[in-house]
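# Topology and contacts: notes
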Amino acid sequence: MADALGVAVVGFGWMGRVHTQAYTRLPHHYPRLPLRPRLITVAEEVPGRAEEAAERFGFASATRDWREVVADPRVRAVSVTAPNFLHREIGVAVAEAGKHLWIEKPVGLTAGDARAVADAVAGAGVQGAVGFNYRNAPAVEAARELIVSGGLGTVTHVRIRLFSDYAAHPDSALTWRYERARGGSGVLADLASHGADLARFLLGDIASLTADTAVFVPERPRPSVATAGHALASGGEPGPVENEDYVGCLLRFASGARGVLEACRVSVGEQNSYGFEVHGTRGAVFWDFRRMNELRVGRGTTYQDQPVSTVYVGPGAGEFAAFQPGAANAMGYDDLKVIEAYRFVRSIAEGTPYGATLADAVHSAALLDAMAESAQSGRWVTPQACCTG
């Protein structure tokens, strides 16, 4: 019988729910996992939200103060899904209390914040996981294996896109996401952080970059009540948007490959249009999140007019077999967070990190800082975390 692992969730917006559901699904998809999460407590400062979450999902208790979670002896692992500006304080406190940490990206507002949390996790000897969920897609892992094995020859260039319309409406409420002090670097933190992680996951370290950013919706209405997600606040007093709606970035990889990373949160007509195109001297591979379980692959010695085929991933690709019995059976977004939860809990059980770690968060955050610096200076910048452990 699996041992119980007391878990808590701090912050209960949409992502807090996703983490909670991932914990509860683990026994169904990974019945041999030696630890079974038990929902101990949920913390959320919005009045009534924690209590509602406890009643709906079965947490043993609820609180408005995350410090009670850190002090609770029943809790061995904590998910931090609170706003970005709280990540450093809560993440460090969780680690220093000797509790394992699963924290959402971008792990604070700067690379310094991410390093502080990473150092706390390392110093406490606990396990740490980060919410870079797109790398968990079985098709993405299959693409990485194809690249690393030399199936595309020498990789020459890559394009990574993350376009969404979640902030396209001019009446989207002016929440913490649009404030520099609480949201950090806008679309860089929200979407480009995933792109930075995918770039390094697929092709390795980035030696230098140059970037441009823009704000396309300069004002938004202030909300009159507590909001969740990307609610509208029509008629509210307008206030300034302080961080970026768009980033375009040129990348030079340590391998010599070149890349383009582009992200936008106000792309009208684009709903979660995330993906990549990787080209090599003998082939190419293409992935679109909206067709998550497919790859388009072209390789061989034809070079010119080389055909491209659609490949449906199946058992044998990443963690696909834990969810579906055969190729072309679809997986979804929430499944990627179940994989993330599995790797986090497995890390705790075995004392060895699996999946995205705080070191990956530091690398991603350093790339974001470099993008912001380059956009301001107009120069090529070397990310400070490049080629470190």
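The notes below deal with the structure included here. Because the structure is predicted, anything quoted here is derived from the model rather than measured. (Residues numbered from 1 in each chain as written. Predicted model: local features only at pLDDT ≥ 70, side-chain atom pairs only at ≥ 80, totals over all residues. Heavy atoms only, no water.)

The next thing to look at is the overall build of the chain. For the chain, the count of helices and strands is 10 helices and 16 strands. On C-alpha atoms alone, the chain measures out to a radius of gyration of 21 Å, which is about the 21 Å that the 2.2 N^0.38 rule sets for 389 residues. Summarising its shape, the C-alpha atoms of the chain cover approximately 65 × 55 × 40 Å along the three principal directions. By residue count, 57% of the 389 residues in the chain fall in the buried class. Considering only intrachain contacts with a sequence separation of at least 6, the fraction spanning at least 24 residues in the chain is 70%. Summing over all exposed atoms, the chain offers an accessible surface of approximately 16,300 Å²; the carbon and sulfur share of this is 48%. The average position of the 37 basic charges and that of the 42 acidic charges among the side chains of the chain differ by 4 Å. (Helix = DSSP H or I, 4+ residues; strand = E, 2+ residues; numbered from the N terminus. Rg over C-alpha atoms; globule rule 2.2 N^0.38 Å. Buried < 20%, exposed > 50% of the residue type's maximum accessible area, 1.4 Å probe, protein only. Contact = heavy atoms within 4.5 Å. Areas by Shrake-Rupley, 256 points an atom, 1.4 Å probe, with all protein chains shown as cover. Lys, Arg positive; Asp, Glu negative; His and termini not counted. Charge placed at Lys NZ, Arg CZ, Asp CG, Glu CD.)

Before going further, it helps to spend a moment on empty space enclosed by the protein. Applying the stated rule across the entire model yields 3 cavities of 30 Å³ or more. Considered as a void within the structure, the second largest cavity measures approximately 50 Å³ in volume. A129, V130, F132, R135, N136, E340, R343, F344, Y354, G355 and A356 are the residues that line the second largest cavity. Looking at the lining of the second largest cavity, the element that brings in the most residues is helix 9 (residues 333–350), giving 3 residues. Per-class residue counts for the lining of the second largest cavity are 6 nonpolar, 2 polar and 3 charged. (1 Å grid on protein atoms, 1.4 Å probe; cavity = no way out; pocket = protein on both sides within 12 Å on 5 of 7 lines; lining within 4 Å. Points joined across faces, edges and corners; volume = space filled by probe spheres on them. Nonpolar A, V, L, I, M, F, W, Y, C, P; charged D, E, K, R; others polar.)

Our next topic: the sheet that holds strand 12 (residues 258–264). Taken in spatial order, the 8 strands make up an open sheet running 8-11-12-7-13-14-15-16, and their pairing is mixed. Edge positions in the sheet fall to strand 8 (206–214) and strand 16 (309–312), since each of these pairs with one other strand and no more. Taken pair by pair, the neighbouring strands of this sheet meet at an average axis angle of 15°, ignoring direction. Packing of helix 10 (residues 358–377) onto the sheet brings it into contact with strand 8, strand 11 (246–253) and strand 12, and relative to strand 8 it is tilted by some 55°. (Pairing = 2+ DSSP bridges. Axes fitted to C-alpha atoms, helices over the stretch in contact; angles between N-to-C directions.)

This part takes up the nonpolar core. Counting 94 residues, the largest nonpolar core has Y30, L203, V278, V285, W287 and M371 as its most contacted members. Broken down by element, the residue count for this core peaks at 10 residues, all from helix 8 (residues 187–203). Excluding residues within four positions of it along the chain, M371 makes contact with L188, L209, A211, V247, C249 and L261. Judged by nonpolar contacts, the second largest core, of 35 residues, contains I40, A43, V94 and V121. (Core = buried A, V, L, I, M, F, W, Y, C linked by side-chain atoms within 4.5 Å.)

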